[in-house]
Amino acid sequence: MLKPVVLPKNAFKLFFQSLKGLGTVYAPVKVSEKSYSFKEVHSPEEIAFEALRTILPPKKFFYPQEETLIRYKNGDFEEVQPEKKFQVIFGVHPCDLASLGILDTIFSSEPADSHYLKRREQSLLVGLSCMPDKHCFCNAMNADTAGSAYDLFLTDTGEEYFIEIRSAKGVELIKSLAEKVSDANPENHEAYKEFWKKREAAFSHGLETENLRSLLDLEWENQIWDEMGKRCLSCGNCTPVCPTCYCFDLVDIAGLNAKEGERVRQWDSCQFVGFAQVNGDFNFRATPADRLKFWYRHKLHGFDDAYGFKTCVGCGRCTESCPAGIDDIVQVVKILQGKKENKHYEP
Amino acid sequence: MLSSQGTVPRIAVESLTGCAGELLVILENLDKLLPYVRVVSFPFAQSQNDSGAVDITFLEGSVSNPHDLEKLKRIRAKSRWLVAVGNCAVWGCVQKSACSHCKVEDMLKAVYGQDSKIEVLPSTSLDEHVKVDVKLSGCPINATQFLSVTANLLQDHLPYITHKPVCLECKLKENPCVLIEDNLPCLGPVTAAGCGALCPSVGAACYGCWGPSQDAQMDAMAVILQEKGYAIDEVLNRLQSFGAPAKLFERMKFEVKNERV
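Quick notes on the rules
- Residues numbered from 1 in each chain as written.
- Chains lettered and ligands numbered in written order.
- Predicted model: local features only at pLDDT ≥ 70, side-chain atom pairs only at ≥ 80, totals over all residues.
- Heavy atoms only, no water.
- Helix = DSSP H or I, 4+ residues; strand = E, 2+ residues; numbered from the N terminus.
- Rg over C-alpha atoms; globule rule 2.2 N^0.38 Å.
- Buried < 20%, exposed > 50% of the residue type's maximum accessible area, 1.4 Å probe, protein only.
- Contact = heavy atoms within 4.5 Å.
- Areas by Shrake-Rupley, 256 points an atom, 1.4 Å probe, with all protein chains shown as cover.
- Lys, Arg positive; Asp, Glu negative; His and termini not counted.
- Charge placed at Lys NZ, Arg CZ, Asp CG, Glu CD.
- Pairing = 2+ DSSP bridges.
- Axes fitted to C-alpha atoms, helices over the stretch in contact; angles between N-to-C directions.
- pLDDT = per-residue confidence, 0-100.
- Left-handed = near helix turned anticlockwise from the far one by under 90°.
- Nonpolar A, V, L, I, M, F, W, Y, C, P; charged D, E, K, R; others polar.

J.: Whenever I open this one, the overall build of chain A confuses me. Can you help?
T.: Per the secondary structure count, chain A includes 11 helices and 14 strands. Computed over its C-alpha atoms, the radius of gyration of chain A comes to 22 Å, within 12% of the 20 Å expected for a compact globule of 347 residues. A total of 347 residues make up chain A; the buried ones form 57% of that total. Sequence separation of 24 or more characterises 73% of the internal contacts of chain A that already satisfy a separation of 6 or more. Within the structure as shown, chain A displays about 15,500 Å² of accessible surface, and the carbon and sulfur contribution to it stands at 50%. Seen as two clouds, the 43 positive and the 51 negative side-chain charges of chain A have centres 1 Å apart.

J.: Just checking my understanding: could you explain the pairing of strand β4 (residues 79-85) of chain B for this structure?
T.: Looking down a regular strand, the side chains alternate between one sheet face and the other. Residues and elements named next belong to chain B. Within β4, six of the seven residues are buried, which leaves it mostly tucked inside the rest of the structure. Across six bridges, the pairing between strand β3 (residues 54-60) and β4 is parallel. Within β4, the position partnered with phenylalanine 58 by the bridge is valine 83. Strand direction decides the pairing type here: β4 and strand β5 (residues 134-136), joined by three bridges, are parallel. If you follow valine 83 over to β5, its bridge partner there is valine 134.

J.: Looking at this model, I keep getting lost on the sheet that holds strand β2 (residues 38-41) of chain B. Mind explaining?
T.: Residues and elements named next belong to chain B. Spatially, the five strands line up as an open sheet ordered β2-β1-β3-β4-β5, and their pairing is parallel. The outermost strands of the open sheet, each flanked by one partner alone, are β2 and β5. Averaged over all pairs of adjacent strands, the angle between strand axes in this sheet comes to 25°, irrespective of strand direction. Along the sheet face, helix α3 (residues 66-78) touches β1 (10-15), β2, β3 and β4 and points at about 130° away from the line of β4.

J.: Explain the confidence of the model for chain B to me, please; I cannot follow it from the model alone.
T.: Where the model shows low pLDDT, its predicted coordinates should not be examined in detail. Residues and elements named next belong to chain B. Here chain B averages 92 in pLDDT, and 94% of its residues register 70 or above. Note on residues 254-261: pLDDT is under 50 here. Beyond four places in sequence and across chains, it has 21 contacts. Listed scores for the predicted complex are pTM 0.93 and ipTM 0.94.

J.: Where do I start with the packing of helix α7 (residues 223-231) of chain A against helix α8 (residues 288-300) of chain A in this structure?
T.: Pairs of packed helices are described in terms of their axes, by the angle between the two and the distance that separates them. Residue and element names in this part refer to chain A. The geometry of α7 relative to α8 is characterised by a closest axis approach of 8 Å and an angle of 115° between their N-to-C directions. At the point where α7 passes α8, the crossing takes the right-handed sense. From α7, Trp225, Asp226, Met228 and Gly229 reach across to α8, where they touch Pro288, Ala289, Leu292, Lys293 and Tyr296. When its residues are assigned to classes, the contact of α7 with α8 shows six nonpolar, one polar and two charged.

In structure tokens:
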């Protein structure tokens, strides 16, 4: 890691031009009164710097919602390779960077997902600091610092961006801006520390996660699951918006002449009744409560043994995207811990 | 698939009581089918029709009069695969919903006068009368799904049609949620996808025209819409507009709560 540098905000336009020189730039854009989405941007004016969470997380750039994996014709098949296209994702917050670190581990475990890895290779990730709102709890999930899955990370210290450089790609970019950036001086370091102190103090969730591992096992029969299950729509919104959910469905689309066709993968959700349905009309998770409980456990405990980390990064997207209001992970954990009375989910 | 005559597969496209929406989708895509099938009957689109046996019949519309029922039985008898296309054929659509609210005789009199000689039946879906091999809902059907179903049947495979909710397609398109952000009475969570989340994509609420998704949670949907201030009558009307079967509403026993975590 190189020494951090400082970029004055009035030189951001040049920084942006350098990013654009590398490939297509994507950044959060305002798409409605309350929602943001990572979209292609052509100038800094289009970027919503204030965006906290986007509807879909940045996983979509490496693991798209839908993609053709294989095309077959006359008994032969060819693997469809991801498009050769360099992409720059700007404005990725710490929780989302942490989620990409998690997905990197999962997708590179054998058998590795070559499509994901290829897209990761041909991309540059530029992180950006943020101030938490009431749904943020990344600091309780060890996901509040930039982690490793980034090339550059910008901390907004007021007049400047304090830039941490992580990769060779990041170094190249900063070198190209040599005249505009300067090495961070002690004053800049102080401003950086001040920002992160202020940010830490801004969290309001009050969540303690030390006993999550045993909690999810011990409270497997807690009545809250059935109570929440009754409110659950099984709409599946919690999973596409989750930055670490990666389950998919494979569909073969046959051509009419029976000689050609393609195999497509599309994001799926464990919240759909068909997800765990197997031959003989047997279903491992037949009710909304079964599926919801499974998802909570998967996010908060499921990966502890296999990987030694939790897959929830505390971004708050599920809480914001649940029409039934039952994906408030912070409140549910507090109820399971006995720290909060459960008077809201009773039927 | 070879037809019973050992030649090109024979298909028919027929209708009962419906709006011809599915017929139009099929007509628009007919050029893709023509190299592989012989269209022996399609009264909506051609004047020369053969009533003989066929390999596949695509049938739209609900059974709404004795003539429909007779025709359905005739079609079933001559078809190797019977494919119900569109909400009317699969679920019964708005006409079935109307028949659950009032007597069909009263509607007949109100519309055609006291002395009407028109014969009617309470509207029903096809599977209430005959065995239906494939159910492809839609309002109208999705052309890609239609072609995929046909491709499978031509290979003697029963097609796999998913009934995941509209919310999935909506989220994959990354639309802002109109149910959450705008408090619109969107039925995306309980409605079968396939339309590409057409209404929410333009900021409107889904009104459920494709019929229910698999395992639609009607009770939870009703609770959530009531919490948003919609009256239960209004909510039930909306949920039942497109022929969703009564058994999906059996669990509805919730008290309304406004308090949320």
